[in-house]
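# Working through the structure, step by step
Listed below, chain by chain, are the residues.
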Amino acid sequence: MPYDFDGPRLVALVLIFIMWGLYGPIMNWLGRGTLNAQLHVVRLRWMRMSLDSHRENRVFDAILLGHLSASMSFFGSATLIVLASLLGALAGISGVHAALIRLAFFPAISLGLFTMYFASLTLIIAFSFFSFTYAIRKLGYTLAMIGGLNEARSANAHSQVMIAQTALVLTESVKSLNTGIRGYYFAVASLFLFVGPYPAMFMTMLIAGVLLYRQGFSSEALAIERYVTSMNAYEAERDDKGESTI
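Conventions we followed
- Residues numbered from 1 in each chain as written.
- Predicted model: local features only at pLDDT ≥ 70, side-chain atom pairs only at ≥ 80, totals over all residues.
- Heavy atoms only, no water.
- Core = buried A, V, L, I, M, F, W, Y, C linked by side-chain atoms within 4.5 Å.
- Buried < 20%, exposed > 50% of the residue type's maximum accessible area, 1.4 Å probe, protein only.
- Helix = DSSP H or I, 4+ residues; strand = E, 2+ residues; numbered from the N terminus.
- Contact = heavy atoms within 4.5 Å.
- Phe/Tyr/Trp six-rings, centres within 6.5 Å; stacked < 30°, edge-to-face > 60°.

## Side note on the nonpolar core
Among the nonpolar cores identified, the biggest contains 35 residues, and Ile109, Phe114, Phe186, Leu193 and Phe194 are the most heavily contacted of them. Only α1 (7-21), α2 (23-29), α5 (59-91), α7 (111-147), α8 (157-191) and α9 (197-216) provide two or more residues apiece to this core. Ignoring anything within four residues of it in the chain, the contact list for phenylalanine 114 reads Ile93, Val96, His97, Leu100, Phe106, Ile109 and Phe194. Listed in part, the 17 residues of the second largest apolar core include Trp46, Met72, Ile146 and Leu170.

Below is the structure:
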């Protein structure tokens, strides 16, 4: 264990992973839920609409899914490049440490502590990379499930199960994508570990606060909440009138 790895530095390091891992539970505790969770009902309705006999042209669905696939592939490819660079630097960590401590603004920390911080940053990026690749795999499962809906009949009970499970897998795919993106935010917080434990704690809480605000209280989050509420009310009115939901 590095001689300069004290209590505040341990707290700063652990806090980054705690705030990253507890992000979803905190949103649930606030009674908001993540935007991805709120949008699950929208995806569920999307899958129901895919069975509409009047929607023979699926070009719009293909465009939406293609855009999502391209976004996942982009983040996965970019993260792989970053991860390879970090692993290369980690292999020659002593040289990187020797070069940085010569800089006037870089704090004097031991090689062991520097390696620990650098490894933590690499671990966050690696986890983000695996989240992106898992998101792509889940999307692949979703595409196969959507393809199987073509000949299903909406009134059939088995079709309703297929619709619900397809929407669930799609939501889980987007969840993995969002987890990887949030990893980049907390990777920025981990960079402040090199500055000092207290700046790292401050930056971690600031980033967590910004993410929570965007997910729960920003104008976009409130607009999505109103959209979902109105959509549910619209579906309920149609059900009361005995009309089809698709």
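## What about the environment of leucine 111?
Position of leucine 111 relative to the elements: it lies in helix α7. Looking at leucine 111, the relative accessible area reads 36%, which means it is partly exposed. Through-space distance from the C-alpha of leucine 111 to that of alanine 98 is 8.4 Å; in sequence the pair is 13 residues apart. Once residues lying within four places of it in the same chain are set aside, the contact partners of leucine 111 are Ile93, Ser94 and His97.

## Concerning the packing of aromatic side chains
Using the criterion set out here, one finds 10 aromatic pairs in the structure. Measuring from centroid to centroid gives 5.5 Å for phenylalanine 74 and phenylalanine 75, while their planes differ by 70 degrees, and the two rings are edge-to-face. Exposure remark for phenylalanine 74: the relative accessible area of 54% places this residue in the exposed category. The exposure class of phenylalanine 75 is partly exposed, given its relative accessible area of 26%. Centroid distance phenylalanine 114 to phenylalanine 194: 5.3 Å. Interplanar angle 55 degrees. Geometry classified as tilted. Of the two residues, phenylalanine 114 is situated in helix α7 and phenylalanine 194 in the loop between α8 and α9; the sequence distance between them amounts to 80 residues.

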